[in-house]
Every structure is written in C-alpha cells, then in structure tokens.
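# Fold and contact review
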Amino acid sequence: MSMIAAFYSNKSVLITGATGFLGKVLMEKLFRTSPHLKVIYILVRPKSGQTLQERVFQILNSKLFEKVKEVCPNVHEKIRPISADLNQRDFAISKEDMQELLSCTNIIFHCAATVRFDAHLREAVQLNVIATQQLLLMASQMPKLEAFIHISTAFSNCNLKHIDEVIYPCPVEPRKIIDSMEWLDDSIIDEITPKLIGDRPNTYTYTKALGEIVVQQESGNLNVAIVRPSIVGATWQEPFPGWVDNLNGPSGLIIATGKGFLRSIKATPMAVADLIPVDTVVNLTIAVGWYTAVHRPKSTLIYHSTSGNLNPCNWYKMGLQVLASIEKIPFESAFRRPNADFTTNTFTSRYWNAVSHWAPAIIYDFYLRLTGRKPRMLKLMNRLLRTISMLEYFINHSWEWSTNNTEMLLSELSPEDQRVFNFDVRQLNWLEYIENYVLGVKKYLLKEDLDGIPKAKQHLKRLRNIYYLFNTAVFLIIWRLLIVRSQMARNIWFFIVSFCYKFISYFRASSTLKV
C-alpha cells in the first residue's frame, strides 16, 4: 500500500489557488489516491452571481474529476469553500471560518499567486509576497499543522545561470518592499520597478524570489518546504494525458500555431525548453508534503521540478514536435517544412516578424468584413505578439537547476509510492507528450471536436496562403523599387532572367534531341 496515500487519509488540507490549473490537479490527485481524506479547504474569491458551492460544482463537473467521482462519490461533501480575498487583510475571512481553519488544518499547500508577467509591482507584491506572509502568520496559529508547502517557481532566480536548491538573498529586504508599497504612489513605483527587479525580466520572477525569503524568515518553527516548478504544461499521465484548461505556458503558442496565427518566433533554437507536466509537479508536491510532515527536516528544503537537467528538449525540437502533431505528419517530415522559423536576435528580424504577422491579420480582417463577419484577427494578433514578447526571455535562455533534494526524495519512496506518485521526468517521451498536449488543447481548452481536424487544416492552409501571398507581394514591391534605384539590382535581375531563359532553351533542346 502507498505510505503517502495512507498519510493523507483523515487529514484536513488547506489549498490556496485551488481554482487555478495546478490547484485543481492537486485536489484531484489527493482525492483519487486518498479517498478517505477528511476535508480540503479551498480559499475562493467571491464572484457576483455565483455562490461558493456553485463554483465548487463547476470545478467538479469538469472532465478532470470523472475518475475521482468513481472512487470518492461524496467528493463534493469533502470540499469546504472558504470565502476569501488575498488582497485584503486576514484575507477577509469570517471569524467562524478562520476559527475552523486554525483549529483543524493539518497540511497547507500554498499555490496561489499572480502569474502575470506584466503585473504591476504593487499587485505582484500583494499576491506573491504579502499574502504569503499573512498565510504564514495564520499557519503559526494552527496547533495541528504538520507541514506548510510553498509553491514557487524555478525562474525565481533566473538572473543566475546555475541555480541550486537554496534560497538566494535579494538586495532589498522583503519587509522594506512591503512597507514601501503602503505609501508610494503608482507613478513612483513604476519609476523604481526596473531598478528593483534588476536583471530579472519581470515583476513575477522578482516577487516570487521575495516570497521565498519571506518563507525562510517568517516560518518560525513550522515544517516548511518549497517546490520550484519550471514551465508547467498539460498532464502527462494522470488522470489522463493532455488535460489543460488555461493559456499559460506553451498552450497559447500551440493554439496560435494551430490556428495559423503564429508563423515565426524569435527564439534561440538550441535553448532548453524546460517544460514540466502538471501531474509531475503535483506528484512531487504531495510527496514533499508527506516527507516534510513525517521526517521534519531541520532546515527548509527546496525541490526543483524541472526537466532540462534530466531529460532535455530544446525549443527547436519542441516546435517541430508541435508542428508534426498539429499537421498530423511524421516527426521527421517536420524538419523539411518551413512552418517554424526561429529568427535571429536583430532589430530587422523583430520588425519584419511583427509586420509579417500584422499584415496578414489586416488582410484577413478585411476578408471577414467583406463576408459580413466581425473582424477579430488583428486584435488576437496584438494579444499574441504581446504574449510572445513576454516569453522571449525564457525561450532565448537556458538554465541549469540542481535536483539533489528531488532525487533524494525519489529514493526515499517505496516502489509503490514511486509508481503512484511518479515524478521521475526521465521516463517522459517528449514526442508522445507533445502530441497528447496538442490534442488536449483542442479537446479540453478549445472544446473542439477532434472530427473537425480536416476542416481546421483547410483553415490553416488558407491562412498560410495569405501569409505567402503577402510576403511575395512585399518582395516584388521591394525588388521593383531596388531595380528602379540601383544599377546593380538591374544587372542582377537581367542576369537571372538571362540565365533562366538559357536554361529553358537548353531543356527544350535536350527534349527535342531525345525525341
């Protein structure tokens, strides 16, 4: 029997961020492997027109929880939603709910965070730093608490090339940042943000690093651990391959490629695409909760949930696998297709990349107007290009993460636990995973019928033809301007025409001789 599954039986678990991608998969796995788990408290932000229980039923009615309902039919009775707002003091939790949380909670999984790369520093500090601080204060008042597991990110220290499983200091203490957010106005914060984040690319990675320091400084006597996942993608194996429900990570890029919006991307082809399946992260997180509660390590252990050091796949190979999966062609054939283009890091390529995306979008919107439909392509393209610009940093760099603690934990598990809570990414087959990922995006995220693939291919072909037509037109216009203004261009043009004429004449003559 699984020791980890047995450990969670009859436990009361608090999950923040339970309505998010990672939080849902974490809940599902806990209930499926430990159906006798007592209760899972989830912090839910009030939503107009929908009760807390209605939001719970909405989560449970998704495809993700189908297997859970078979092993735990009363799962809806074991989820206790707590009205809470992480932007408010004490999370705006009522006294009755707070008392229940403080007196009953055994395990905390802190998954809540803002994952917006372009979030204002005040918002990012509130959700990624202050909320963590307040949750730790709550945890310190829980007499039955056995473990506090904080979900961070492997990119919290992305300003370093090699990242160990340690907490790195920041130039400015988190408490000073927190205090300054209370009295500085937005204009001053905007001015000092670049200086504060330094060589990190955005407020997300910076505030997640601050959050880790808060965990280290203010955890007191709590049994605390930190899990650092890299780019979290669709499920690998559980509860079934390819499940995904948000646009974060590569999902948005897969949609843009599959719909024909994305023709090229500014990337370093050989950079490692450190993608990690969400169920792998969840399995590690649950195992960390067990190990932290049972073994009570003397210091805060950090666990990297990454793939690049154990089973690397670069962005070029990843892109070809996506292309092969979308167009249903053999992987080897994707090498000969011009659909994926990794441009160089120059101003010219950046400018041309933007123009070559915008112009076909404008043409397609014009076509939609002519057919009486609402134009939408330019708006979608603007959103896409904005998203890609925020991802550029991560698809142009590679990192080395040490995984000593993660490998140590794997060795501590029994063979049964290694099977039930598998987080050994070395077993991952990338080609199979990406194919399931692409199908999962279409089925679960876009909610499209897989029978519509031939129609989707026709749509893709139509957009590709617009792209080629635009590029050809621009080339001819530029070449025409060069011929008018440059004697050298005219000489080259006449040479090409003459060469083609001679080749055709030679070919005709050869055909006549053969006859």
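Further up the page is the structure itself.
Residues numbered from 1 in each chain as written. Predicted model: local features only at pLDDT ≥ 70, side-chain atom pairs only at ≥ 80, totals over all residues. Heavy atoms only, no water.

## Here's the deal with the overall build of the chain
As a reminder of what qualifies: Strands are runs of DSSP state E lasting at least 2 residues, helices are runs of H or I lasting at least 4, and numbering of each runs from the N terminus. Residue exposure (1.4 Å probe, protein chains only): buried if accessible area is under 20% of the type maximum, exposed if over 50%, otherwise partly exposed. By the convention used here, residues are in contact when the closest approach between their heavy atoms is within 4.5 Å. Each accessible area value is a Shrake-Rupley result obtained with a 1.4 Å probe; residue values ignore everything except the protein chains displayed when judging cover.
In terms of regular secondary structure, the chain is built from 20 helices and 13 strands. Put simply, the chain has 515 residues, and 53% of those count as buried. A separation of at least 24 residues holds for 82% of the contacts in the chain among residues at least 6 apart in sequence. As displayed, the chain has an accessible area near 25,200 Å², and 58% of this comes from carbon and sulfur atoms.

## Quick notes on a positive patch on the surface
The condition that has to hold: For patch building, the residue pool is restricted to those with more than 30% relative accessible area and no salt bridge; the joining distance is 9 Å between like charges and 5 Å between nonpolar side chains (Val, Leu, Ile, Met, Phe, Trp, Tyr). By salt bridge we mean one thing: a side-chain nitrogen of Lys or Arg within 4 Å of a carboxyl oxygen of Asp or Glu. His is not counted, nor are the chain ends; Lys and Arg add positive charge and Asp and Glu add negative charge. For the purpose of locating charges, the reference atoms are NZ of Lys, CZ of Arg, CG of Asp and CD of Glu.
On the surface, Lys-374, Lys-379, Arg-383 and Arg-386 cluster together into a positively charged patch. Tracing the chain through its elements places Lys-379 in helix α15 (residues 377–391). A relative accessible area of 64% means that Lys-379 is categorised as exposed.

## Quick notes on the pattern of salt bridges
Scanning the model with the defined rule gives 16 salt bridges in all. Residue Asp-245 pairs with Lys-24 through a salt bridge whose shortest N-O separation is 2.7 Å. Residue Asp-245 is found in the loop between β8 (231–233) and α10 (251–258), and its partner Lys-24 is found in helix α2 (residues 21–33); the two are separated by 221 residues along the sequence. The partly exposed category is assigned to Asp-245, whose relative accessible area is 26%. Judged by relative accessible area, Lys-24 falls into the buried class, the value being 17%. Measuring nitrogen to oxygen at the nearest pair gives 2.6 Å for the salt bridge that ties Glu-28 to Arg-32. Taken together, the positions of Glu-28 and Arg-32, both in helix α2 and four residues apart, correspond to about one turn of that helix. Residue Glu-28 shares its accessibility class with Arg-32, and that shared class is buried.

## Looking at unusual backbone geometry
Leaving glycine aside, a negative phi is the common case for residues, and trans is the common case for peptide bonds. Cis geometry marks the peptide bond from Glu-238 to Pro-239; its omega dihedral reads -10 degrees. Along the chain, Pro-239 turns up in the loop between β8 and α10. Its identity as a non-glycine residue notwithstanding, Asp-90 has a phi of 55 degrees, on the positive side.

These results come straight from atomic positions and should not be treated as a statement about function.
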